[in-house]
Amino acid sequence: MNTKIKHIPSGETFINRKEAKLVLGHGRFNRALKNGEIMFVTTYSPLDIII
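What you see is a predicted model, and the numbers here were worked out from it, not measured in a lab.

**Student:** Would you mind showing me how to read the overall build of the protein here?
**Tutor:** Across its full length, the protein holds two helices and three strands. Secondary structure of the protein in N-to-C order comes out as β-β-α-α-β. What you see for the protein is a C-alpha radius of gyration of 11 Å, in line with the 10 Å of a compact globule of 51 residues. With respect to the three principal axes, the spread of C-alpha positions in the protein is 30 × 20 × 15 Å. Taking all 51 residues of the protein together, 20% fall into the buried category. Relative to all contacts within the protein whose residues are 6 or more apart in sequence, the contacts with residues 24 or more apart total 47%. Of the roughly 3,900 Å² of accessible surface on the protein, a fraction of 56% belongs to carbon and sulfur atoms. Charge separation in the protein, taken as the distance between the mean sites of 8 positive and 4 negative side-chain charges, equals 8 Å.

**Student:** Sorry, what's going on with the sheet that holds strand S1 (residues 2–7) here?
**Tutor:** The pairing of strands in a sheet comes from backbone hydrogen bonds and takes either a parallel or an antiparallel form. What the three strands build is an open sheet, ordered S2-S1-S3; its pairing is antiparallel. Bordering the open sheet on either side are strand S2 (12–14) and strand S3 (38–43), each of which pairs with just one other strand. Mean inter-strand twist for the sheet, computed between neighbouring axes without regard to direction, equals 25°. Bridge count between S1 and S3: six bridges; the pairing is antiparallel. The residue bridging Ile5 from the neighbouring strand is Phe40, located in S3. Those strands touched by helix H1 (residues 17–24) are S1, S2 and S3, and its axis lies near 135° from that of S2.

**Student:** It is not clear to me how H1 should be interpreted in this structure. Could you clarify?
**Tutor:** Spacing of three or four residues puts side chains on the same side of an α-helix, whose turn is 3.6 residues. The N-cap residue of H1 is Asn16: its side-chain oxygen and the backbone nitrogen of Lys18 are 3.2 Å apart. Note on H1: the residue one or two positions beyond its end, Gly25, has a positive phi of about 90°.

The rules we used
Residues numbered from 1 in each chain as written. Predicted model: local features only at pLDDT ≥ 70, side-chain atom pairs only at ≥ 80, totals over all residues. Heavy atoms only, no water. Helix = DSSP H or I, 4+ residues; strand = E, 2+ residues; numbered from the N terminus. Rg over C-alpha atoms; globule rule 2.2 N^0.38 Å. Buried < 20%, exposed > 50% of the residue type's maximum accessible area, 1.4 Å probe, protein only. Contact = heavy atoms within 4.5 Å. Areas by Shrake-Rupley, 256 points an atom, 1.4 Å probe, with all protein chains shown as cover. Lys, Arg positive; Asp, Glu negative; His and termini not counted. Charge placed at Lys NZ, Arg CZ, Asp CG, Glu CD. Pairing = 2+ DSSP bridges. Axes fitted to C-alpha atoms, helices over the stretch in contact; angles between N-to-C directions. Polar contact = N/O pair within 3.5 Å; in protein donor to acceptor, adjacent residues only side chain to side chain.

Treat this as a map of the structure, not an account of what it does.
Printed below as a string of structure tokens:
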């Protein structure tokens, strides 16, 4: 099972929470999480397609 993080305003997708915090910055990540701008996507296979 894989969980990815999508930052909705930019459309960026990250492999995990750590990568998202590195790219977005800690403060921006927390603000986006608080404002509902981050979506956690769970896939069950690396071959799953998310549209």
